[in-house]
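What follows is the residue order along each chain.
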Amino acid sequence: MGNELSVVVWAKEGCHYCGEVKQYLQEKEVNYKIVDVTNHDEFREILNTKYGIRHVPVVEIGHGEVYEAVTQVGLKHLEKVLDKFNKHKIFG
């Protein structure tokens, strides 16, 4: 279980890009959990504390003790980080 890739999507209802991120992950058959920040300002405060931002989506990708957050808009950023973790999993 420690070898599984962990993916968490911080999202809110009505967010078009959040939907694109979730659809992309589903198409790539990547399991993920969602943290819905809709009506939860305390969750946005967590994002602010961790990354200095309050916007969504934020995608946290990790393996073991190492993780990286994708805070930039654009699927190319998400794809780049996923590729990095998948290569590490294969060769590491």
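Up top is the structure these notes are about.
Not measured: the values here are computed from a predicted model.

(A) View of the nonpolar core. The biggest cluster of nonpolar side chains holds 25 residues, and the ones touching the most others in it are Val7, Leu25, Val59, Ile61 and Leu78. Those elements giving two or more residues to this core turn out to be β1 (6-11), α1 (16-27), β3 (58-63) and α3 (75-91). Those residues in contact with Val59 that sit more than four places away from it in its chain are Val7, Val8, Val9, Val21, Glu68, Ala69, Val70 and Leu78.

(B) Region of interest: the pattern of salt bridges. Across all of its chains, the model carries three salt bridges by this definition. Between Glu45 and Arg54 there is a salt bridge whose closest N-O contact spans 2.4 Å. Glu60 serves as the salt-bridge partner of Lys50, at 2.7 Å between the closest nitrogen and oxygen. On the criterion of sequence distance, the pair formed by Lys50 in helix α2 (residues 41-51) and Glu60 in strand β3 is long-range, its members being ten residues apart.

What counts and how
- Residues numbered from 1 in each chain as written.
- Predicted model: local features only at pLDDT ≥ 70, side-chain atom pairs only at ≥ 80, totals over all residues.
- Heavy atoms only, no water.
- Core = buried A, V, L, I, M, F, W, Y, C linked by side-chain atoms within 4.5 Å.
- Buried < 20%, exposed > 50% of the residue type's maximum accessible area, 1.4 Å probe, protein only.
- Helix = DSSP H or I, 4+ residues; strand = E, 2+ residues; numbered from the N terminus.
- Contact = heavy atoms within 4.5 Å.
- Salt bridge = Lys/Arg side-chain N within 4 Å of Asp/Glu carboxyl O.

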